[in-house]
Amino acid sequence: MSVTAVDSNLAPGGASPEAKFNAAVDNAKAADKPNEADDPEFTDALITQAVTIGGQFIIMPKMQELLNDAMSDDDEE
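None of the values given here were measured: they were computed from a predicted structure.

Visitor: Looking at this structure, I do not really get the overall build of the chain. What am I missing?
Guide: On a plain count of helices and strands, the chain comes out with two helices and zero strands. When each of the 77 residues of the chain is scored for burial, the buried share is 1%.

Visitor: Help me understand a nonpolar patch on the surface, please; the structure alone is not making it clear to me.
Guide: On the surface, a cluster of nonpolar side chains totalling about 760 Å² of accessible area is made up of Ile53, Phe57, Ile58, Ile59, Met60, Met63 and Leu66. Tracing the backbone shows methionine 63 in helix H2 (residues 40-76). A relative accessible area of 45% means that methionine 63 is categorised as partly exposed.

Visitor: Any chance you could explain a negative patch on the surface here in plain terms?
Guide: Together, Asp38, Asp39, Glu41 and Asp44 make up a negatively charged patch on the protein surface. As for its position among the elements, aspartate 44 is in helix H2.

Visitor: Would you mind showing me how to read the pattern of salt bridges here?
Guide: Where charged atoms from two side chains of opposite charge come close, those side chains can pair. In this structure the tally under the stated criterion is one salt bridge. Of the charged contacts in the structure, one is a salt bridge between glutamate 65 and lysine 62, with a shortest N-O distance of 3.6 Å. Here glutamate 65 and its partner lysine 62 are both found in helix H2, three residues apart, which amounts to about one turn of the helix. On the accessibility criterion, glutamate 65 (41% relative accessible area) is partly exposed. Under the relative-accessibility criterion, lysine 62 is labelled partly exposed at 43%.

Rules behind the numbers
- Residues numbered from 1 in each chain as written.
- Predicted model: local features only at pLDDT ≥ 70, side-chain atom pairs only at ≥ 80, totals over all residues.
- Heavy atoms only, no water.
- Helix = DSSP H or I, 4+ residues; strand = E, 2+ residues; numbered from the N terminus.
- Buried < 20%, exposed > 50% of the residue type's maximum accessible area, 1.4 Å probe, protein only.
- Patch = residues over 30% accessible without salt bridge, like charges linked within 9 Å, V, L, I, M, F, W, Y side chains within 5 Å.
- Areas by Shrake-Rupley, 256 points an atom, 1.4 Å probe, with all protein chains shown as cover.
- Salt bridge = Lys/Arg side-chain N within 4 Å of Asp/Glu carboxyl O.
- Lys, Arg positive; Asp, Glu negative; His and termini not counted.
- Charge placed at Lys NZ, Arg CZ, Asp CG, Glu CD.

Below, the structure is given as structure tokens:
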């Protein structure tokens, strides 16, 4: 099965794939993107979601266990 090259127009002495990759990485670093860590609204949303997830996975199972224990104690009497 034949496979065609991604860039079949590589001329000898042209930019190497590694140089192209490094240029793309440098370009991405220099891009003017908003920094989410500096956004207080984004930070507040992260904290709110962390508390919600913590409640769902830590507190609620324990509360369910306590409720089940309380309900089973009532049945034994």
